[in-house]
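Architecture at a glance
The lines below spell out each chain.
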Amino acid sequence: MFYNAGMTTSESTFPADLAIIGGGAAGVLVALNALRSATSAVQIVLFEPASTLAQGIAYATPWPEHLLNVPAGKMSGLPELPGDFVDYLLQADALPGVPRDVVADTFVARRHYADYLQQRLAEAQAHSAAALHVVHEPVMALQPGASLQQLRLADGTQWQARQVVLACGNSMRPLPAPGADALPPGRVVDAWDYDGVRMLAGDGDLAIIGSGLSMADSVVALATAGHRGRIHVLSRHALLPLPHAHAGSAEFDPQPLLDMPLRARMRALRGHVRDAAAQCLPWQSVMDRIRPLGQALWQSLDGADQRRFLRHVVRYWDVHRHRIAETVHAQVAALEQSGQLQRHRARLDALLVLDGTLQLHAHGPQGGMQPVNVGAVINATGVETRALAMRNPLLQQLLADGHARPGPHGLGLDSDAAGRVRDAQGQPQPGLQLVGSLRIGTLWESLAIPELRVQAQQAAAGALPTVQA
Ligand SMILES: Cc1cc2nc3c(=O)[nH]c(=O)nc-3n(C[C@H](O)[C@H](O)[C@H](O)COP(=O)(O)OP(=O)(O)OC[C@H]3O[C@@H](n4cnc5c(N)ncnc54)[C@H](O)[C@@H]3O)c2cc1C
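The following refers to the structure shown. This one's a predicted model, so the numbers in the text were calculated from it and none came from an experiment. (Residues numbered from 1 in each chain as written. Predicted model: local features only at pLDDT ≥ 70, side-chain atom pairs only at ≥ 80, totals over all residues. Heavy atoms only, no water.)

1. Considering the packing of aromatic side chains
Here the distance between the centres and the angle between the planes together describe a pair of aromatic rings. Our working definition: Note on aromatic pairs: the rings of Phe, Tyr and Trp (six-membered ring only in Trp) are paired at centre separations within 6.5 Å, and the planes decide the class, stacked below 30 degrees, edge-to-face beyond 60, tilted for the rest. Only runs of H or I of at least four residues qualify as helices and only runs of E of at least two qualify as strands under DSSP, and these elements are numbered from the N terminus. Each residue's exposure class comes from its accessible area (1.4 Å probe, protein chains only) as a fraction of the maximum for that residue type: buried when under 20%, exposed when over 50%, partly exposed otherwise. Placement of a charge over a ring requires the Lys NZ or Arg CZ to be within 6 Å of the ring centre, with the centre-to-atom vector within 35 degrees of the ring normal.
One pass over the full model with this rule turns up 11 aromatic pairs. With a centroid separation of 5.3 Å and 90 degrees between ring planes, the pair formed by Phe309 and Trp444 is classed as edge-to-face. Of this pair, Phe309 sits in helix H11 (residues 303–321) while Trp444 sits in the loop between helix H14 (440–443) and helix H15 (449–468); the two residues are 135 residues apart in sequence, bridging distant segments of the chain. Since its relative accessible area comes to 6%, Phe309 is described here as buried. Through successive ring pairs, a cluster of aromatic residues spans Tyr59, Phe85, Tyr88, Tyr113 and Tyr116. Sitting above the plane of the Trp63 ring, Arg198 keeps its charged end 3.6 Å from the centroid.

As structure tokens, this is what we get:
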């Protein structure tokens, strides 16, 4: 990876053609597309504080038990090469002796995905007319301008760029309990601190707050590391992620769903599930059929129905839509059956340290729960989607200065159909594009690789004609 370590402040004021903020999967996919399609010596700068590119949150885990939630055959980073990730896995001999069609159906370890994107980025760099510079610093502030955007990094250096793509990705939700921030170190570990979670494994009891995909990650990590203590899983709905099924998609026309209000739509979906069951197909086949329409399904609901969805349906939607590999599901289910994992439907009220033990106070539908004593708590509350609650200084600055506004329902940042960030007045800014989960309010489905690869391609295509002209 080319990184000009000798670059100084004065050199950095030379404008870049394209600045990409965030070097997780989304930012790297933007860089990859820009390098592949550049026809002149455009200068691309990628800002990422982490020392390794393409990992972000999802693909930073080195542990083999953390699997992709999507089969390898659907994880290509390039829309025009749908088998590209499978090609990579075969070339890298990641699953020795396994035939191609089986590899395509396999939920492989997530670490392979970062390796894949890094390799493709290096290959694109080697053959591109453009140059990529990687700067391992976070961008703290951005001032959009008519032709140049000004960027300020954490080390105080200033950069200029003609086009900027924001790919800042996911922020973790803080623990929803007063005082959680003030607990002694080691008592609260983020589920995305993959090594930290494993280090908690032992004989003591632990609690996981949140019961979604990050909970599943933590449970399999603890089990693999030999945890023997009890695992209390606490969440408001206590719904566990459901498993994928090898079934393909059900045969029905999903288009009429788009014209229905929410209630009728949910009724129709249940009808499709019954029809599928009559043909011995699992409910997952219905979800797979409507998966490509994820954004259209959200955008075709009116504002009131979107609010109803967020209030009443989203928890159930999430566990049906964001599924886990069957093996992971089976592992979590077995721990619950054995009694080692205990699920509590409850809202966390407080976390107290008493006599060296962490005590959880919570209340459920029947009122206050018996306090639970544990050695440590894992925060698996997942992705923060509310713009105003995100703890990213750059996003806070953009919102405070009116260069961005929260998306519909306060979710993510507002952007137009081309992904241009809307300022506080709602005006799309031609030099500032958004890629990834921050588009959730407008698109809803804007988190996983099938959406990110398309957005990344569009963002690079949108930025390059301007700077290559
Ligand atoms: C645990 C987990 C598992 C997942 N598994 C799958 C899966 O199997 N398949 C799938 O398709 N999707 C999966 N996803 C969805 C996942 O969000 C996307 O696939 C993808 O990883 C998102 O990448 P991103 O770059 O948008 O975000 P992130 O991974 O969050 O990366 C954002 C990057 O931006 C950087 N950044 C943030 N702010 C700044 C700043 N101010 N300046 C510079 N850099 C900054 C961060 O350091 C980070 O590296 C998973 C998500 C999670 C959380």
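2. As for the side chain of Arg187
This is how the line gets drawn: Under the convention used here, Asp and Glu are negative, Lys and Arg are positive, and both His and the chain ends fall outside the count. Each reported salt bridge corresponds to a side-chain nitrogen of Lys or Arg within 4 Å of a carboxyl oxygen of Asp or Glu. Between N or O atoms, a polar contact is any pair within 3.5 Å; within protein, one atom must be a potential hydrogen donor and the other a potential acceptor, and residues adjacent in sequence are included only when both atoms are from side chains. It only takes one pair of heavy atoms within 4.5 Å for two residues to be counted as in contact.
Counting through the fold element by element, Arg187 comes out in the loop between strand S7 (171–172) and strand S8 (188–190). Asp355 is the oppositely charged side chain nearest to the buried, salt-bridge-free Arg187, at an N-O distance of 10 Å. Here Gly375 takes part through its backbone oxygen, which lies 2.7 Å from a polar atom of the side chain of Arg187. For Arg187, the contacting residues outside a window of four places in its chain are Val353, Gly356, Thr357, Leu358, Val374, Gly375, Ala376 and Val377.

3. Focus: the nonpolar core
Cut-off, in case you're wondering: We define the nonpolar core as a collection of buried residues of types Ala, Val, Leu, Ile, Met, Phe, Trp, Tyr and Cys that are connected through side-chain atoms lying within 4.5 Å of one another.
Of all hydrophobic cores here, the largest spans 48 residues; its most connected members are Ile44, Phe85 and Tyr113. Looking at this core, the element that brings in the most residues is helix H2 (residues 25–37), giving 9 residues. Formed by 29 residues, the second largest nonpolar core is a distinct cluster that contains Leu67, Trp192, Leu206 and Val219.

4. So, the environment of His237
Looking at the element boundaries, His237 is found in the loop between strand S10 (231–235) and helix H8 (262–278). Sequence separation of His237 and Pro261 is 24 residues, and the distance between their C-alpha atoms is 25 Å. Among all residues touching His237, those that are not within four sequence positions of it are Arg315, Tyr316 and Arg345.

5. Focus: unusual backbone geometry
We note that Ala238 has phi near 55 degrees; this positive angle belongs to a residue other than glycine. Overall, Ala238 belongs to the buried group, its relative accessible area being 10%. Unusually for a residue other than glycine, Trp444 sits at a positive phi of about 65 degrees. The exposure class of Trp444 is buried, given its relative accessible area of 14%.

6. Here's the deal with the sheet that holds strand S9 (residues 206–209)
Under the convention used in this document: Between any two strands, at least two bridges found by DSSP are needed for them to pair. In this analysis an axis means a line fitted to C-alpha atoms, helices contributing only their contacting stretch, and an angle means the value between N-to-C directions, from 0 to 180 degrees.
Spatial strand order, S8-S16-S9-S10-S11: 5 strands in an open sheet with parallel pairing. Since the sheet does not close on itself, it has two edges, and those belong to S8 and strand S11 (341–345), each with one partner. Mean inter-strand twist for the sheet, computed between neighbouring axes without regard to direction, equals 25 degrees. In this fold helix H7 (residues 213–224) packs onto S9, S10, S11 and strand S16 (376–379), with an angle of close to 155 degrees to the strand it touches most, S9.

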